[in-house]
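Observations on chain architecture
One letter stands for each residue in the lines below.
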Amino acid sequence: MALLQIAEPGQSAAPHQHKLAAGIDLGTTNSLVATVRSGEAKTLVNRQGRDMVPSVVRYTPDGVIVGDAALAAAIDDAQNTIVSVKRLMGKGYSETTALKQQVPYQLVDQQGLVAIDTAQGVKNPVEVSAEILATLANTASETLGGELNGVVITVPAYFDDAQRQATKDAAKLAGLNVLRLLNEPTAAALAYGLDSGQEGVIAVYDLGGGTFDISILRLRRGVFEVLATGGDSALGGDDFDHAIVSHLQQQTGQAKLSHQQMRQYLTTARQLKEQLTERDSVDFALPLNDCVYNGSLSRAELEQLISPLVKQTIRACRQVLRDAGLTAEEIVKVVMVGGSTRVPLVRQQVAAFFATEPLTSIDPDKVVAIGAAIQANVLVGNKAEGDTLLLDVIPLSLGLETMGGLVEKIIPRNTVIPVARAQEFTTFKDGQTAMALHVVQGERELVDDCRSLARFELRGIPPMPAGGAHIRVTFQVDADGLLSVTAQEKSTGVQANIQVKPSYGLTDEQVASMLKGSMQYARQDMQQRLLREQQVEAERVLEAVSQALKADAALLSSAELDNIQQALTALRQVRQGDDTAAIKAAIEHTNQLTDDFAARRMDQSIRHALKGHNVDEV
Amino acid sequence: MNYFQLFNLPAQFDLDLTELGSRYLKLQKQFHPDQHSSGSERDKLLAVQQTANINDAYHSLKQPLLRAEHLLALRGLKISNEQRSFTDPMFLMQQMELREQLAEIALSDDPDSMIDSIERQLQQQKKQLLKQLASALDAQTAEQDQLAADLIRKLKFFFKLQQELELIEQQLQD
């Protein structure tokens, strides 16, 4: 417990106060939380002494249970026990037909999105994931003795915009401040790279429970540059299990399984898979009618069952190398992530393809959480800036629907993020004041083969003759890989309104109403929380502007300086009070007054950064 | 926006890519949103926008065709997004022949050597055109700029063919 802030002599504790941050690996099968303490990143254990928490949530009429206790009920109360919820994140109901056969709980349609019918009513995947996140954050808070300032949550690199947004919504619902969504393979590389000081081009092969990612990164002098990323967001260790289950069904002659039987078969399949990493053959027993079926599975049989799946991952490896413009020989190291990489056939095939023995020195189940903790520690401000730099990419191309259901790519896959690209559109009718755009994500040429992300309606275009209005639409992808869109009519400068309708996501209003309705917030006063948020933001603005003035007041005229200082004084005053709207207004006023200042400082720091680089020397 | 200015590099076609890369990383270290994650909302947004600019500038300067286009745009000659048809019959003829060769690869007994031979032709043509482009851009006259624009349009055809060739090669491998 941090009762006392101990400061070095002559140094105040406040500005360098150690902030609490955690990295969360929100996995399909298991989730973990890790943090950096005394310079070392470690996973944290819960009250039961476990660091791996099954990503399982059970809804009973009395309450919600997360983790091991929920998993224990998975067979008896299959309908209310949600496993592998990650597979449902950001999915439409119609997209989950294949999953319906595999999951023992009831999937329902919630305004086009998939949700689950439980003993506590209909729950969507965002709400289920929020329960897992809240449990992990709680473990971290208890261990660290305080509320977390921020978290980094990892997502598969191959997650599309809807899946990322759903993850961020879940964190919001759990009351967490997300510093960054970090790609799982990038997190793993961070854990290994900083550990070993490795330089050169590495591959991260990440086979989790429900997703497969392959990323190629260049590591040099603290810069982690993702060159290309690929994979399959619907292929994972779970598919190995289902392949084994089908085989067991053939053996026992049970074509149709009840929910309960399905769980038994899955448990047996998982055990067989795990035991066959060490042994050549394993016996099993399954209940059949009123007796027991005794059988055995050999490693060779297992390999035959999963071989097509492993081949699929190798094909993705080949593709990603092509995208990076590299050959397998140029890869110096291969990092293995995810429990499924323990399967000998996987290691063997990966080693053969990259012609190098894969790295497994950090536990493949923990490496992602550890990397996330390292990055969380940097982002929360506990480490000197500029030590490391992560340059990540967008995994899937973003495009717009054009005539005839074709896709025009706006931002191709593997473009470094953040990125902004503008596209111009014109009206085709006299006096046209609105326009509809459809944004999709994927590599195929037809809209129907890509994932629909959102439909936008531009309204308020000034009426002009056909072709007269030029609307510039800017697509921006931030460092979390999330898309935002703005539009402007060029000749008049009129900002067109954008109505966003995410195809497979929640609108801001839906998230807000879920927040209000959620258990976490019933206890807290919502107003109080909003006030606190604005106060924190006010502190950030005051801190940032004061620092800027200290360094660069010379860039301002004395009149400008006076105005800014007045605004700061006003902001300081309202920040003490409890008028949320007044604080917000004072922040906006300060921001407005300092916009130019910020731009001037930006230009100056570009010149500074490149100082010593003279045009003539090139 | 002048991308050369952003990197404090001379606005010319001939560019030291290693130097460009190291300046890019310096700017990234300064402006990347990760360096500003505890800043105010406005500062975070500025960091995203600025980094997006830096990324875009780097992307454009790194590739010879985009760099040439940017250079011409700075001189007032915009050719990106233009809709224009080609009228050089000799050039179009050559393109058609190359396209026919691409179509024949799948039917050939020895597709690999055919791919190699087309690859060589494309590389040779590209190299030649890029050389002409460099000297046209260096001249800095309106007339030579027009020539450069034409060369860029031609080069685009070759880059497109190159992509298609790679696609065919991939399909054969798979």
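Once a new chain begins, its residue numbering starts again from 1 and follows that chain's sequence as written. Numbering of ligands from 1 and lettering of chains from A proceed in the order in which they are written. Owing to the predicted nature of the model, reporting of local features is limited to residues with pLDDT of at least 70; listing and counting of side-chain atom pairs is limited to 80 or more, with chain, interface and lining totals taken over all residues. Side-chain metrics in this entry use all non-hydrogen atoms of the structure; hydrogen atoms and water are not considered.

Before going further, it helps to spend a moment on the overall build of chain A. Every helix listed is a DSSP run of H or I at least four residues long, and every strand listed is a run of E at least two residues long, numbered separately from the N terminus. Scanning chain A from terminus to terminus reveals 15 helices and 27 strands. Taking 25 Å as the expected radius of gyration for a compact globule of 618 residues, we find that chain A reaches 26 Å, a close match to that expectation. The dimensions of chain A, computed from C-alpha atoms along their principal axes, are 90 × 70 × 60 Å. Expressed as a percentage of its 618 residues, the buried residues of chain A come to 52%. Across chain A, the fraction of contacts at a sequence separation of at least 24, relative to all contacts at a separation of at least 6, is 65%. Considering chain A, the positive charge centre built from 57 side chains and the negative charge centre built from 74 side chains are found 1 Å apart. Radius of gyration means the value over C-alpha atoms here, while the globule rule gives 2.2 Å times the residue count to the 0.38 power. For each residue, the accessible area found with a 1.4 Å probe, counting protein chains only, is set against the maximum for its type, and the residue is called buried under 20%, exposed over 50%, and partly exposed in between. Note on contacts: a residue pair is in contact if any heavy atoms of the two residues lie within 4.5 Å. Note that His is not counted, nor are the chain ends; the positive residues are Lys and Arg, and the negative ones are Asp and Glu. For charged residues, the charge sits on one atom: NZ in Lys, CZ in Arg, CG in Asp, CD in Glu.

Another point: the pairing of strand S2 (residues 30–37) of chain A. All names here are of chain A. Burial runs high along S2: six of the eight residues are buried. The rule for pairing is simple: two strands pair if DSSP sees at least two bridges between them. Here strand S1 (residues 21–26) pairs with S2 via four bridges, running antiparallel. What sits directly across from Ile 24, in S2, is Val 33. Counted between consecutive antiparallel strands, the loop separating S1 from S2 contains three residues. As judged from the two bridges shared by S2 and strand S4 (residues 53–54), these two strands associate in the antiparallel manner. Following the sheet pairing, Asn 30 is matched in S4 by Pro 54. As paired elements, S2 and strand S3 (residues 40–43) share four bridges and run antiparallel to each other. Its bridge partner being in S3, Ala 34 is matched across the sheet by Thr 43. Once S2 ends, the chain turns through two residues before running back antiparallel as S3, passing Ser 38 with a positive phi of about 50 degrees.

Next up on the list: the pattern of salt bridges. Residue and element names in this part refer to chain A. The rule for a salt bridge is simple: a side-chain nitrogen of Lys or Arg has to be within 4 Å of a carboxyl oxygen of Asp or Glu. Under the counting rule described, the total for this entry stands at 37 salt bridges over all chains. Among the ionic pairs, Asp 552 bridges to Arg 601, the shortest N-O distance being 2.7 Å. Taken together, the residues span a long stretch of sequence, with Asp 552 in helix H13 (residues 526–552) and Arg 601 in helix H15 (residues 580–609) at a distance of 49 residues. We classify Asp 552 as buried; its relative accessible area is 12%. The exposure class assigned to Arg 601 is partly exposed, which follows from its relative accessible area of 29%.

Below, the discussion takes up the sheet that holds strand S15 (residues 223–232) of chain A. All names here are of chain A. Spatially, the five strands line up as an open sheet ordered S18-S13-S14-S15-S19, and their pairing is mixed. Across the chains shown, the open sheet's two edge strands, defined by having one partner strand only, are strand S18 (333–337) and strand S19 (389–391). The sheet shows a mean angle of 25 degrees between the axes of neighbouring strands, taken without regard to direction. Pairing analysis gives three bridges linking S15 to S19, with the strands arranged parallel. Bridge pairing in S19 links Glu 225 to Leu 391. Axes here mean lines fitted to C-alpha atoms, for a helix over just the part in contact, with angles spanning 0 to 180 degrees between N-to-C directions.

Another aspect to go through is the domain arrangement of chain B. What counts as a domain boundary in this text is fixed by an automatic or database domain assignment. The assigned domain composition of chain B is domain 1 (3–62) and domain 2 (89–173). With centres defined by C-alpha atoms, the gap from domain 1 of chain B to domain 2 of chain B works out at 31 Å.

Listed by partner, the interface residues are 42 residues for chain B and 42 residues for chain A. Note on terms: buried area is the combined drop in 1.4 Å-probe accessible area of two parts once they are placed together, counting the loss on both. Where chain B abuts chain A, roughly 3800 Å² becomes buried across the two surfaces, and 55% of that area is made up of carbon and sulfur atoms. Taken as a group, Asp 34, Gln 35 and Arg 42 of chain B account for 17% of the area that chain B buries against chain A, more than any other trio of residues on that side. Asp 34 of chain B is paired through a salt bridge with Arg 180 of chain A; the nearest N and O atoms lie 2.4 Å apart. The term polar contact refers here to a pair of N or O atoms within 3.5 Å; inside protein, the definition further demands a hydrogen-donor-capable atom paired with an acceptor-capable atom, and it admits residues adjacent in sequence only when both atoms are side-chain atoms. One can count 10 residue pairs in polar contact (both at pLDDT 80 or more) joining chain B with chain A. Counting residues per element, the ones that place at least two in the side of chain B that touches chain A are helix H2 (17–31), helix H3 (41–62) and helix H7 (142–173) of chain B. Ranked by the residues each element gives to the side of chain B that touches chain A, the list is headed by H3 of chain B, at 14 residues.

The subject of this paragraph is the sheet that holds strand S26 (residues 483–489) of chain A. The three strands are arranged S22-S25-S26 (chain A) in an open sheet whose pairing can be described as antiparallel. Of all strands in the sheet, those bounded by a partner on one side alone are strand S22 (419–426) and S26 of chain A. Between one strand axis and the next, the sheet turns through 20 degrees on average, direction left out of account. Pairing of strand S25 (residues 470–477) of chain A with S26 of chain A, which is carried by seven bridges, proceeds in the antiparallel orientation. Its bridge partner lying in S26 of chain A, Arg 472 of chain A is registered against Gln 488 of chain A. Seen against the sheet, H3 of chain B touches S22 and S25 of chain A and runs at an angle of roughly 80 degrees to S22 of chain A.

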